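# Structure assessment
Read off the chains here:
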Amino acid sequence: MEFGVTAISLASVALCAMPFVLTNRKIKEKKMMSSLNDIATTHHCKLTEYEIFGHYAIGLDTEKKFVFFVSKNGEELQQQYADLATIKTTEIANIGKSFARKEKIAERLLLQLFPKNTNVPDVVFEFYDAEVNYQLSGEFQSIEKWNKAIKNLLKSN
């Protein structure tokens, strides 16, 4: 009998809390999207493709060939961008620990954009950091998708 009451109580609390959790997520997504649009507008661009993924947002202007990235670091949003006319190539950096059974645990996932001018520093978008997000939840697929999209734009330069 006590188990049933406990189960019903927990289900009720979960149902009551659900709208607050969903509203909070929507507010965060709007903030990320607004920041992504702001940086695109600053560079006279318009987002033609974008993705909001919890702690980061990425977008492309496929016409002007710019990529924009916004990441959440604590309470602060960091904005980055790259003009793809200045980029030679991109590469995914999967930084992690390898173990004896040939399995690798990812600690950081980075998308590195290498400029044509070697005197200019690389542009690095951080998709995952194990110290900030404790579990991978689709970041591999996301980084591969955006790496491919950016490489396709670089080919058309």
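Definitions and limits used
- Residues numbered from 1 in each chain as written.
- Predicted model: local features only at pLDDT ≥ 70, side-chain atom pairs only at ≥ 80, totals over all residues.
- Heavy atoms only, no water.
- Pairing = 2+ DSSP bridges.
- Helix = DSSP H or I, 4+ residues; strand = E, 2+ residues; numbered from the N terminus.
- Axes fitted to C-alpha atoms, helices over the stretch in contact; angles between N-to-C directions.
- Contact = heavy atoms within 4.5 Å.
- Salt bridge = Lys/Arg side-chain N within 4 Å of Asp/Glu carboxyl O.
- Buried < 20%, exposed > 50% of the residue type's maximum accessible area, 1.4 Å probe, protein only.
- Core = buried A, V, L, I, M, F, W, Y, C linked by side-chain atoms within 4.5 Å.

With that out of the way, let us pick up the sheet that holds strand E5 (residues 87–98). A sheet is described by the order of its strands in space; here three strands give the open sequence E5-E6-E7, paired in antiparallel fashion. The open sheet has two edge strands with one neighbour each: E5 and strand E7 (123–129). Neighbour-to-neighbour, the strand axes of the sheet open up by a mean angle of 15°, direction not taken into account. As judged from the 11 bridges shared by E5 and strand E6 (residues 104–115), these two strands associate in the antiparallel manner. Opposite Glu91, over in E6, you have Gln112 as the bridge partner. Lying over the sheet, helix H2 (residues 139–155) contacts E5, E6 and E7, oriented at roughly 160° with respect to E5.

As a further point, take the sheet that holds strand E2 (residues 56–61). The strands making up a sheet associate through hydrogen bonds between their backbones, and the pairing can be parallel or antiparallel. If you trace the four strands from one edge of the open sheet to the other, you get E1-E2-E3-E4, paired in antiparallel fashion. Each end of this open sheet is capped by a strand with a single partner; those strands are strand E1 (49–53) and strand E4 (76–83). Pairs of neighbouring strands in the sheet enclose a mean axial angle of 10°, with direction left out of account. Across the sheet, H2 touches E1, E2 and strand E3 (66–73), and the angle it forms with E2 is around 20°.

This part covers the pattern of salt bridges. Close approach of charged atoms allows side chains with opposite charge to pair. For the coordinates displayed, the defined rule picks out one salt bridge. Its salt-bridge partner being Arg108, residue Glu126 comes within 2.8 Å of it at the nearest N-O pair. Placement of Glu126 in strand E7 and of Arg108 in strand E6 is noted, with a sequence separation of 18 residues between them. The partly exposed category is assigned to Glu126, whose relative accessible area is 26%.

A separate point is the nonpolar core. Counting 22 residues, the largest nonpolar core has Ile58, Leu60, Val67, Leu84, Leu113, Phe125 and Phe127 as its most contacted members. Mapped by element, the contributors of at least two residues to this core are E2, E3, E6, E7 and H2. A total of six residues in this core trace back to one element, the largest contributor, which is H2. For Val67, the residues in contact, after removing those within four places along its chain, are Ile58, Gly59, Leu60, Gln80, Tyr81, Ala82, Leu84, Leu113, Phe125 and Ile150. With 11 residues, the next largest nonpolar core counts Met33, Ala40, Cys45 and Phe66 among its residues.

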